Amino acid sequence: MGEQSSEEPTVNAVPTENVPAENVPAENVPAENLIAENVVKEPKLQLGQEFESIEEAYYYYNDIYAKAIGFSVRMGSNKKSKVTGEIIWKQFLCSKEGKTDETYENTRRQQSSTMEERNCGIKRMGCKARLNIVFNKEKKNWCVSGFEEAHTHALTTPKKVYLLTSHRKLTKAKKCLMGKLKSVNIRSSQQFKIMETVAGDIQNVGCIARDLRNHERDLREEVKGHDATMLLEYFQSEKEKKPSFYFQVDRDEENRMNRCFWADPTSKKAYYSFNDVVVFDTTYNTNKYRMIFAPITGVNHHGQTIVFGCGLLSDEKTESFIWLLEQWLKAMPSGPPKVIITDQDPAIAKAIAQVLPLTFHRFCLWHIMFKFRDKLGPVIAQNYYGLFRASVYNSETKEEFEASWKHVVQQSKQENHVWLKTMYELRSKWVPAFCNHIFHAGMQSSQRVESNHSFFKTFVSENNSLLDFATRIERGLRQQRHEERIRDHVDTNEIPKTRTFYPIEKQMREVYTKEIFLRFQDEVVKSTAYLKCETLKEDENECSYIVLRAADEEQRAAQVVLQ
């Protein structure tokens, strides 16, 4: 058995007076007497006291004795058997044992000009209070071999004991709760308030807010340098659970991840059904590495946004977009889309021209109209923006747009405006009159994906690691799919009301989802407001009429052809 401490246990040498504490005002009682009274009242330790294990001894000394007395405990030294290498002697110390080397601290502070100055006082005060335990070979347990009871410092009052380090514990349950709350972007300060509410009082929580922040810091340190590897392992585990899960990671010359793409089976299945139109746009500030989030989205049979795949890019160069679109096409179960909507990014345009040469590339109408005020200047925009907007949105034919655009440009005297000339040359990619010949699923801009970005940013934050980011995006996707199931449930259990007696309305409510049927129904009702003005042709093969909408202030006529 190892050497035992030669120190004899001592009783607190501070004298106690034979005066009841309750009869003496607290301010008149010396601090030494208060310390002595606490020691006398609270649980005792003695030589030879036995414990089943080191853990049990620490629990009694820290959680029962020290907590009642009012001090914090830390682990001391130990001795191991030279034969077995097992611990045979262990020491527990008061946290204020030892001395702070002020000379060392001052030298280190002077040498490190970048070190932040922490306004911390001296905590080590040379306290001798300790507990030594030794292993008893015969009884196979541990017994007290040395015990120093006296402290050289004031003890903490019962109401403040919960602030001492050894009496603050971040349990597994609390860490698990932190993880759940963090996954929904609840900050550590708010997490602590939730714990306080559940516990009933701050001192019942078992830790303080700083412990939560320190735990988050430790988790970040664990991930540092391994984030990309952990993301790859996550993708591989998803692949094992769902064989049709697709992912690809691209690394640079230094073996650092610079882009990745993934699509789960549900996204692939959705694309198979709704692959006519996709929207592609990027967003920022979604992870701590400032990688660019690039989802590829579309719209389902309820008019809801759905995601066909997600990418993370380190830059917005053409080669990055080419790589992403190529990976996306490899993952999808059917061919390229008929239409893709993006903003006017030159790098994206080059990538689409190379990877999707047969797909109609449409520019976001909302972004272009938003730029009008900036490009035209405040004075011109104030006077003529409404006319430009009417020319774009109200023109039903190419000829009508050409005429109205020319008129507005001349009226505003902007014939030589470079940006307007450029946009006119690109009119086939953004003006509705030039684009409506192709099915767009009701989308003319990337605003849908902008709202999608806003949706996902409620799940992610700029402090997320890559693994956190991917798992939170998965939570967002589950939420979107939950909303789709709700719509499916409504369609299964409800039948929309009709507004006319037309047989086609009753027929279509059996075919369309509620959302699409309501759009169709609105068109049916509006069709009853047109009056026939002129018959152009009527025979057994074709009928052609000029119609006019009743109560239409503009008196816009339209030609209707029935075959």
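First, a word on what this report is: a plain description of the structure on this page. (Residues numbered from 1 in each chain as written. Predicted model: local features only at pLDDT ≥ 70, side-chain atom pairs only at ≥ 80, totals over all residues. Heavy atoms only, no water.)

Some remarks on the overall build of the chain
Step number 1: The number of helices and strands found in the chain is 19 helices and 15 strands.
Step number 2: Within the chain, the fraction of its 563 residues that count as buried is 40%.
Step number 3: The contacts of the chain with a sequence gap of at least 6 include a subset with a gap of at least 24, amounting to 57%.
Step number 4: As presented, the chain carries roughly 32,900 Å² of accessible surface, and 50% of it is formed by carbon and sulfur atoms. (Helix = DSSP H or I, 4+ residues; strand = E, 2+ residues; numbered from the N terminus. Buried < 20%, exposed > 50% of the residue type's maximum accessible area, 1.4 Å probe, protein only. Contact = heavy atoms within 4.5 Å. Areas by Shrake-Rupley, 256 points an atom, 1.4 Å probe, with all protein chains shown as cover.)

Quick word on the packing of helix α12 (residues 378-394) against helix α13 (residues 398-411)
Step number 1: Their axes nearest at 9 Å, the elements α12 and α13 cross at an angle of 170°. Put simply, α12 runs roughly antiparallel to α13. For the pair formed by α12 and α13, the contact residues are Y384, L387, F388, S391, V392 and N394 on the first element and E400, F401, S404, W405, V408, V409 and Q411 on the second.
Step number 2: Residue composition of the contact of α12 with α13, grouped by class: eight nonpolar, four polar and one charged. (Axes fitted to C-alpha atoms, helices over the stretch in contact; angles between N-to-C directions. Parallel < 35°, antiparallel > 145°, perpendicular 65-115°, else oblique. Nonpolar A, V, L, I, M, F, W, Y, C, P; charged D, E, K, R; others polar.)

Comments concerning the sheet that holds strand β5 (residues 141-148)
Step number 1: In spatial order, the strands read β1-β5-β4-β3-β2; together these five strands make up an open sheet with antiparallel pairing. A strand with exactly one partner marks an edge of an open sheet, and here the two such strands are β1 (50-51) and β2 (73-80).
Step number 2: Where strand β3 (residues 87-94) lies against strand β4 (residues 130-136), five bridges are found, and the strand directions are antiparallel. Each residue of the ladder has a partner; that of L93, found in β4, is R130.
Step number 3: Across the sheet, helix α2 (residues 54-69) is in contact with β1, β2, β3, β4 and β5; its angle to β3 comes to roughly 15°. (Pairing = 2+ DSSP bridges.)

With respect to the nonpolar core
One recurring pattern in soluble globular proteins: nonpolar side chains tend to sit buried together.
Step number 1: Ranked by internal contacts, the top residues of the largest apolar core, which has 28 residues, are F261, F280, F308 and W328.
Step number 2: Those elements that provide at least two residues to this core are β7 (257-263), α8 (265-273), β8 (277-280), β9 (292-299), β10 (305-313), α9 (318-331) and α10 (346-355).
Step number 3: Looking at this core element by element, the count peaks at seven residues for α9.
Step number 4: Ignoring any residue separated from it by four or fewer positions in sequence, one finds F261 in contact with Y246, F247, Q248, G309, C310, G311, W323, L324, Q327, W328 and A331. (Core = buried A, V, L, I, M, F, W, Y, C linked by side-chain atoms within 4.5 Å.)

Considerations on the sheet that holds β10
Step number 1: Reading across from one edge, β6-β7-β10-β9-β8-β11-β12 is the order of the seven strands in this open sheet, with mixed pairing throughout. Taken across any chain shown, the strands that pair with only one partner, and hence form the sheet edges, are β6 (246-251) and β12 (360-363). Sheet twist, expressed as the average angle between the axes of neighbouring strands with direction ignored, equals 20°.
Step number 2: In this sheet, strand β11 (residues 339-342) lies alongside β8 in parallel orientation, the contact comprising three bridges. Across the sheet, V279 pairs through a bridge with I341, a residue of β11.
Step number 3: Packed on one face of the sheet, α9 meets β6, β7, β8, β9 and β10 and runs near 25° to β7.

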